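Commentary on secondary and tertiary structure
The chain contents come next:
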Amino acid sequence: MEGTAPDKSTTPAGDEAPPGHPGNHTGPNPSELGTLNAGQGTAEGGHSLDAGQEATENAPAGPKADTGQDSAGEAGSSGGSVPAGAVVRRAGALVGRHRWFAGVLALGVVLRVVAMLGFRPVLWFPDSYTYIVTVFRPRPDLVRPAGYSMFLKLLEPFHSFALVAAVQHLMGLAVGVMVYAAARRTRMWVRTLAAAPVLLDAYQVELEHLLVSDTLFMFLVAGAVVAAIRREVSWRLAAGVGLLLAAATLTRTIGQPLVVLVACWFLLRRRIAVTGVMLVAALVPVMAYMGWFYATYDRMGLVGANGVFLYARTQAFADCRRMDPPPDLRVLCDPRAPEDRPPSQEYIWSPDSPLVRLPGITFSRENDDLAGRFAMLAIRSQPLDYAGSIVSELARTFTWGRPVYPDQEIYDYYEFPEGQPGPPGRHAAQLGAQLAEDRYERAPVGTRVVEPFAGWMRIYQDVVRLPGTILLIVLLAPPALAVIRRRSEMGWLLPWSTTWALLVVPAAVAEFDYRYVLPAVPLACLAAALATRPDQVKS
């Protein structure tokens, strides 16, 4: 699990329509967005379990859609090139068929362009500097896996953080397109509404402009889930799903339980061979990274901070009088009452933390093992308190407002700034900033706030966001509709369960953070859209 501390970093698918049914097609129209075929599938053995759609949605009565045949004929007469007029006509027809979504997508593009004009070249977060250090000094980090640093390394030859921000903004737009395409055969306004949060939420746009791993992680997970709910999953596609999940896991360790969820989904569809291929493709890169980590630190794992983060999490309720820990663990006790204690992250980064006061670095093997033993003793001794603490932390996700948490400093990183942020203070972050300036950007990298564009984004951020209460309603909708409409299909199950995993796991092993919520939103909206499909109502 990644830290969110201040600057203190360390080294669709339904049953086929019967013959004659209006939903039958002899083949997909290649000019439609629907030919992406995302989210299709019907379980083998007659079990309708998948979440996808047919290749195209039913077109309204009117002139026949351009199939491209005329264009092909014209192309043949002109030596193989497609006439510009044909391209314009086909593009116009595509936009016309998906005009609602096209409008929302266009607005999403405009917002991201304004953000790039207003905050140049990128916004920085405390974790950003560690990622940059790993780019130029490749070795596994003890706190965060190196996947995002590998992504930055791919773009390093261009020497442009503005390009990094642009690619991340394109990823956000691509996720919106994936959600819209995967929600095929729902009403157009429903699928457009499902894609709107990731395209238009001001905090989503701000997150994409931050030099952090969450946008890449969201893109990888959304791609894996949308591919996994397709109607036909070949072994090649299954391998692709596994590789996406491996990349997600090496970007944020919360990707690990998602591999299990997707494997269960394929097994539920009785795709045994596909499950095996996906697991191999997912586990081989992860195991290779673990080998690199072991060769570096003589420790097994993807990171060396699992015990530390779980220890910090349990300090929200741990009572040493009830736990009666042995002497070597008693040094980690906090004598204050739980209600008087600071947020969990302070037990990792604050110099007053009992763990930080121990000899050696916080994430040494000895300290991580000690912290992990304390955490497990607390959970075994106070299981109900632990469960209640998870629920309490998770509830922060679903509040209508956006209260400051975990502290004002971290909270402010998720707001478009009014002025140029100050330079990093600690040595490790200063090293990352120096490497970013001297070797990555080869120019000053401090964020320049440019008006009036920056002011426009700040005003927009004050108004447009998805309240947590609405997210809760979106998550409750699929199972509620399944009961009310007596549906046997469960096509929404994979994106829905993935959303809950992305929300619950951080609350269980680390703490709530606003930026951990945003990658879960697109899949929650996709699940709700799939649950409204009329062809999934049991007749």
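Residues numbered from 1 in each chain as written. Predicted model: local features only at pLDDT ≥ 70, side-chain atom pairs only at ≥ 80, totals over all residues. Heavy atoms only, no water.

**Some remarks on the overall build of the protein**
Note the following rule: Per the convention used, a helix needs a DSSP run of H or I reaching at least four residues, while a strand needs a run of E reaching at least two, with both numbered from the N terminus. Three exposure classes are used, based on accessible area relative to the maximum for each residue type with a 1.4 Å probe and protein chains only: buried under 20%, partly exposed in between, and exposed over 50%. Residue exposure ignores everything except the shown protein chains as possible cover, and the areas themselves are Shrake-Rupley values with a 1.4 Å probe.
Summing up its helical and strand segments, the protein has 25 helices and 2 strands in all. Across the 539 residues in the protein, those meeting the buried criterion constitute 56%. Split by element, the accessible area of the protein, about 22600 Å² in all, is 64% carbon and sulfur.

**Remarks on the side chain of Glu441**
Counted only if it meets this: Positive charges are assigned to Lys and Arg, negative charges to Asp and Glu, while His and the chain termini are left out of the count. We define a salt bridge as a contact between a side-chain nitrogen of Lys or Arg and a carboxyl oxygen of Asp or Glu at a distance within 4 Å. Pairing of N or O atoms within 3.5 Å defines a polar contact, subject to two protein rules: one partner must be a possible hydrogen donor and the other a possible acceptor, and residues neighboring in sequence count only if both atoms are side-chain atoms. The contact rule is simple, with two residues in contact once any of their heavy atoms fall within 4.5 Å.
Along the chain, Glu441 falls in the loop between helix H20 (427–440) and strand S2 (448–449). The buried charged residue Glu441 lacks any salt bridge, with Arg448 as its nearest oppositely charged partner at 7.3 Å. Here Phe161 takes part through its backbone nitrogen, which lies 2.6 Å from a polar atom of the side chain of Glu441. Ignoring sequence-local partners within four residues, the contact set of Glu441 consists of Pro121, His159, Ser160, Phe161 and Ala436.

**Side note on helix H10 (residues 235–249)**
Using the following cut-off: Multiply 1.5 Å by the residue count of a helix minus one, and that product is the helix's expected span.
Between the first and last C-alpha of H10 there are 21 Å, a value that for 15 residues agrees with the 21 Å anticipated at 1.5 Å per step. Restricting attention to buried positions, one finds in H10 the residues Ala238, Ala239, Val241, Gly242, Leu245, Ala246, Ala248 and Thr249.

**Remarks on the state of the cysteines**
Spelled out, the test is: Disulfides are defined as pairs of cysteine sulfur atoms found within 2.5 Å of each other.
One pass over the structure, following the stated rule, counts 1 disulfide. There is a disulfide in this structure between Cys320 and Cys333, and the S-S distance comes to 1.9 Å. Given an S-S torsion of about -100 degrees, the disulfide between Cys320 and Cys333 has left-handed geometry. Highlighted residues: Cys320 in helix H14 (residues 320–323) and Cys333 in the loop between helix H15 (327–330) and helix H16 (346–349), separated in sequence by 13 residues. Here the two residues Cys320 and Cys333 agree in accessibility, since each one is buried.

**Topic: the nonpolar core**
To keep things clear, this is the line we draw: In these notes, a set of buried Ala, Val, Leu, Ile, Met, Phe, Trp, Tyr and Cys residues joined through side-chain atoms within 4.5 Å is what counts as a nonpolar core.
With 148 residues, the main nonpolar core has Leu152, Phe161 and Met278 as its most contacted residues. Those residues in contact with Leu152, other than ones at most four positions away along the chain, are Tyr131, Ile132, Val135, Val164, Leu211 and Tyr440. Core analysis: the second largest hydrophobic core is formed by 7 residues, Ala246, Tyr289, Met290 and Leu302 among them.

**Comments concerning the packing of H10 against helix H11 (residues 256–268)**
Under the convention used in this document: Note on geometry: axes are C-alpha line fits, over the in-contact stretch for helices, and angles between N-to-C directions span 0 to 180 degrees. What sets the label is the angle itself: under 35 degrees gives roughly parallel, over 145 gives roughly antiparallel, 65 to 115 gives roughly perpendicular, and the rest give oblique. Residues are grouped as follows: nonpolar covers Ala, Val, Leu, Ile, Met, Phe, Trp, Tyr, Cys and Pro; charged covers Asp, Glu, Lys and Arg; every other residue, Gly included, is treated as polar.
Interhelical geometry of H10 versus H11 gives an angle of 160 degrees and a closest axis separation of 8 Å. Between H10 and H11, the crossing angle belongs to the class labelled roughly antiparallel. Touching Val241, Leu245 and Thr249 of H10 are Gln256, Leu258, Val259 and Val262, all from H11. Of the residues belonging to the contact of H10 with H11, the class tally is 5 nonpolar, 2 polar and no charged.

**Quick look at unusual backbone geometry**
That bond from Tyr405 to Pro406 is cis: its omega, -5 degrees, falls within 30 degrees of zero. With respect to the element layout, Pro406 can be found in the loop between helix H18 (383–395) and helix H19 (408–413). Residues Glu451 and Pro452 are joined by a peptide bond in cis, for which omega reads 5 degrees. With respect to the helices and strands, the residue Pro452 is situated in the loop between S2 and helix H21 (453–463). With a phi close to 50 degrees, His159 is a non-glycine residue in the positive phi region. Mapped onto the elements, His159 comes out in the loop between helix H5 (147–155) and helix H6 (161–182). One non-glycine residue, Asp298, lies in the positive phi region at around 60 degrees. Counting through the fold element by element, Asp298 comes out in the loop between helix H12 (272–297) and helix H13 (306–314).

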